[in-house]
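Chains, contacts and geometry: an overview
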Amino acid sequence: MYQMILYGIAGADQQYIAQMYYCLYEEEISIYNIMYQARMLKAKCPSIEHVYAIDNRRGLRREYMDSIRLHSIESCMIFKDILEREGLMIL
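We now turn to the structure provided with this report. Small disclaimer: the values here were computed from a predicted structure and weren't measured. Per chain, residue numbering runs from 1 following the sequence as it is written. With pLDDT at 70 or above as the cut-off, local features in this predicted model cover only qualifying residues; side-chain atom pairs require 80 or more to be listed or tallied, and sums for whole chains, interfaces and linings still use all residues. Remark: hydrogens and water are excluded; side-chain values derive from all non-hydrogen atoms of the structure.

Description of the state of the cysteines
The definition used for a disulfide is geometric: two cysteine sulfur atoms within 2.5 Å. Per the stated rule, a full pass over the model turns up 0 disulfides. The thiol of C45 is not disulfide-bonded; the next cysteine sulfur, from C76, is found 14 Å away.

Here we look at the packing of aromatic side chains
Classification of ring pairs rests on two measures: the distance between centres of Phe, Tyr or Trp rings, Trp counted by its six-membered ring, which must be within 6.5 Å, and the angle between planes, read as stacked under 30 degrees, edge-to-face over 60 and tilted in between. Under the criterion given, the structure shown has 6 aromatic pairs. Here Y7 and Y21 contribute two aromatic rings whose centre-to-centre distance is 6.1 Å and whose plane-to-plane angle is 40 degrees, an arrangement assigned as tilted. Pair noted here: Y7 is in strand β1 (residues 3-10) and Y21 is in strand β2 (residues 18-25), with a separation of 14 residues, a long-range link. Each residue is assigned to one of three classes by its accessible area relative to the maximum for its type, calculated with a 1.4 Å probe on protein chains only: buried under 20%, partly exposed between the two thresholds, exposed over 50%. By relative accessible area, Y7 is classed as buried at 4%. With relative accessibility at 47%, the residue Y21 sits in the partly exposed group. Considering the side-chain rings of Y64 and F79, the 5.8 Å spacing of their centres and the 55 degrees angle between planes classify their relative orientation as tilted. Linking Y64 in helix α2 (residues 60-70) with F79 in helix α3 (residues 73-86), this pair joins segments that are 15 residues apart in sequence. On the basis of relative accessible area, Y64 is assigned to the buried category, the value being 11%. Since its relative accessible area comes to 1%, F79 is described here as buried. Each residue in the set Y7, Y21, Y64 and F79 is aromatic and connected to the rest through ring pairs, giving one cluster. For the purposes of this entry, the term helix denotes a DSSP run of H or I that reaches at least four residues, the term strand denotes a run of E that reaches at least two, and both are numbered from the N terminus.

So this is what it looks like as structure tokens:
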């Protein structure tokens, strides 16, 4: 089953940490729904500066968990770089 993940990333003042995420499944993926869910992430957590959409792949969860667990600027920047290279910035 195809999945797309939306990640809400905080700004530089909060070290680019991933604040929230939302998983979209194959039957839910549409441009309207992606934009709607991205806006909902920002509404639920105002500290989110950018929302990225990325295809779910092997190892993505581990990279996300490393950025949360280590909570260092380096680990958060690595995860943000992955989102920028492999994903698409929605908001």
